[in-house]
Amino acid sequence: MTTYNVALNFEDGVTRVIQCDDDEKVTDAAFRQKINLPMDCRDGVCGTCKCFVEKGEYELEFYMDESMSDEEAEQGYALACQMIPESDCVVRVPASSAICKTAPEAVEAEVQSVDRLSETSFGLRVKLAKPINFLPGQYVNLSVPGADKHRAYSFSSAPGAQEASFLIRNLPGGVMSTYLGQRAQPGDGLTATGPMGAFYLRPIERPQLWLAGGTGLAPFLSMLEQVAEQGSDQPIVLYYAVTCAADLVELDRVKDLAEKIGNVSVVTVLAAAEDDHDRKGFVTDHLTAKDLNAGDCDVYLCGPPPMVDAVRVHFGKLGVEPTNFYFEKFNPTEAEVEAA
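Residues numbered from 1 in each chain as written. Predicted model: local features only at pLDDT ≥ 70, side-chain atom pairs only at ≥ 80, totals over all residues. Heavy atoms only, no water.

(A) Just the sheet that holds strand 2 (residues 15–21), in detail. Strand order in the open sheet formed by 5 strands is 2-1-7-3-5, and the pairing between neighbours is mixed. The open sheet has two edge strands with one neighbour each: strand 2 and strand 5 (77–79). The sheet shows a mean angle of 35° between the axes of neighbouring strands, taken without regard to direction. As paired strands, strand 1 (residues 3–10) and strand 2 are joined by 7 bridges and run antiparallel to one another. Following the sheet pairing, Tyr4 is matched in strand 2 by Cys20. (Pairing = 2+ DSSP bridges. Helix = DSSP H or I, 4+ residues; strand = E, 2+ residues; numbered from the N terminus. Axes fitted to C-alpha atoms, helices over the stretch in contact; angles between N-to-C directions.)

The following block contains the structure:
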């Protein structure tokens, strides 16, 4: 029997992956796995279970005009009660995970290694009790061993693997940074809760422009891993912007993946005045209308809020808007007040 993975993305950012058997409808598979998707009639009449399929092949068994128009069906909308997957799918559900009586999954993990990649970043590798089927770009909440706290980090590894990796900023006084820099040992236990987040790689149907600021490189590493495995005939331009040369961590890995994919251009930008580099300043000093391919491109950006805001303003100055613009602002948590 063939089984397909269907990622259900809820409007509160939670993602749950269910297994759907041959000729099984999505609502039935979800209910079997204790997730109550919105539905009423179950017959393709009311439209209560209407969702949007972002990726994958499927068959719609039946639907009435009152529940969904032919135009919506052509755009990618589907009724979950009539949707039979024919491949792995990604489905956007217009309801919260709480309403559907589900929640992020907590998976136990064990620290394998902590690498001091630079003065400003750590690499954390953990072994998961079971693989997490996240979408490349998503994050989990990691508990901090020895502290009753958790922090959110994007995967920098490929989805579905037994081991997961994370690229973590070294924030002086930060609870996770203190743990990684002072106490972390192989074998330490922690919990990964997720996956979550609306920042993830959609099907690549046009040229890609990816913008990473600092440790915002992490989700792009995960994306590159998937593209390296699945392939793509669309060009990808990755801008990697940091403060100084020492902050260009994981660059060899980026270049290796880019070479494996074959149509990826990597552009590095340094902000520090004292470092010698081909491109100095900020990403917006180097982004041109040509990078946006006359608007026929998808833009993904992960970086600090000022970078996200500056890029949005810059698009306006260039007079070009991309077909799609997906971004994730990350705000580093300040040092713990009680430590002062």
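(B) View of helix 4 (residues 218–230). Between its first and last C-alpha atoms helix 4 spans 19 Å; for 13 residues at 1.5 Å apiece the expected length is 18 Å, and the two agree. Within helix 4, the full set of buried residues consists of Ala218, Pro219, Phe220, Leu221, Ser222, Met223, Leu224, Gln226, Val227 and Ala228. Downstream of helix 4 by a residue or two, Gly231 has a phi angle that is positive, lying close to 85°. (Expected span 1.5 Å × (residues − 1). Buried < 20%, exposed > 50% of the residue type's maximum accessible area, 1.4 Å probe, protein only.)

(C) Here's a closer look at the nonpolar core. The biggest cluster of nonpolar side chains holds 29 residues, and the ones touching the most others in it are Trp210, Leu217, Phe220, Leu224, Leu238, Tyr240 and Tyr300. Contributing elements (two or more residues each) for this core: strand 14 (208–213), helix 4, strand 15 (236–242), helix 5 (251–261), strand 16 (264–270) and strand 17 (298–303). With 7 residues, helix 4 is the largest single contributor of residues to this core. Here Leu238 is in contact with Trp210, Ala212, Leu217, Phe220, Leu224, Val254, Ser265, Val266 and Val267, once residues within four sequence places are set aside. In this structure, Ile35, Leu37, Cys49 and Cys89 belong to the second largest nonpolar core, which totals 27 residues. (Core = buried A, V, L, I, M, F, W, Y, C linked by side-chain atoms within 4.5 Å. Contact = heavy atoms within 4.5 Å.)

(D) Up close: the side chain of Ser96. Following the sequence through the fold, Ser96 ends up in the loop between strand 7 (89–93) and strand 8 (105–118). Once you skip the residues sitting within four places of it in the chain, Ser96 turns out to touch Phe10, Glu11 and Asp12.

(E) Just the pairing of strand 12 (residues 163–169), in detail. Across the 7 residues that make up strand 12, a large majority, 5, are buried. Note that strand 9 (residues 121–128) and strand 12 share 7 bridges and pair antiparallel. Residue pairing for strand 12: Arg125 is matched across the bridge by Ser165.

(F) How the structure looks around the packing of aromatic side chains. Throughout the structure, instances matching the rule amount to 10 aromatic pairs. Seen from their ring centres, Phe134 and Phe155 are 3.7 Å apart, and the 0° between their planes marks the pair as stacked. Pair noted here: Phe134 is in the loop between strand 9 and strand 10 (139–143) and Phe155 is in the loop between strand 11 (150–154) and strand 12, with a separation of 21 residues, a long-range link. Measuring from centroid to centroid gives 5.4 Å for Phe315 and Phe325, while their planes differ by 70°, and the two rings are edge-to-face. Of the two residues, Phe315 sits in helix 6 (residues 305–318) while Phe325 sits in strand 18 (residues 324–329), which places them 10 residues apart along the sequence. In this structure Phe315 comes out as buried when scored by relative accessible area, which is 1%. Through a chain of ring-to-ring contacts, three or more aromatic side chains come together here, namely Phe199, Trp210, Phe220, Tyr300 and Tyr326. Taking the ring centre of Tyr200 as reference, the NZ or CZ of Arg202 above it sits at 3.8 Å. (Phe/Tyr/Trp six-rings, centres within 6.5 Å; stacked < 30°, edge-to-face > 60°. Lys NZ or Arg CZ within 6 Å of the ring centre and 35° of its normal.)

(G) Spatial organisation of the confidence of the model for the protein chain. Per-residue confidence for the protein chain gives a mean pLDDT of 94, with 97% of residues at or over 70. Low confidence marks residues 334–340, where pLDDT is under 50. Its contacts with residues over four positions away, or in another chain, come to 9 contacts. (pLDDT = per-residue confidence, 0-100.)

(H) Seen up close, the environment of Tyr179. Here Tyr179 is to be found in helix 3 (residues 175–183). Residue Tyr179 is classed as buried on the basis of its relative accessible area of 2%. For the pair Tyr179 and Leu318, spaced 139 residues apart in the sequence, the C-alpha separation amounts to 44 Å.

(I) Molecular detail of the pattern of salt bridges. Counted by the stated rule, this structure contains 15 salt bridges. When the shortest N-O distance is used, the salt bridge between Arg202 and Glu54 registers 3.7 Å. Of this pair, Arg202 sits in the loop between strand 13 (189–196) and strand 14 while Glu54 sits in strand 3 (residues 50–55), and the two are 148 residues apart along the sequence. An identical accessibility class is assigned to Arg202 and Glu54; each is buried. A salt bridge links Arg116 to Glu119; its shortest N-O distance comes to 3.7 Å. Look at Glu119 and you get exposed, because its relative accessible area is 63%. Taken together, the salt bridges that share partners define one network made up of Asp21, Glu24 and Arg32. (Salt bridge = Lys/Arg side-chain N within 4 Å of Asp/Glu carboxyl O.)

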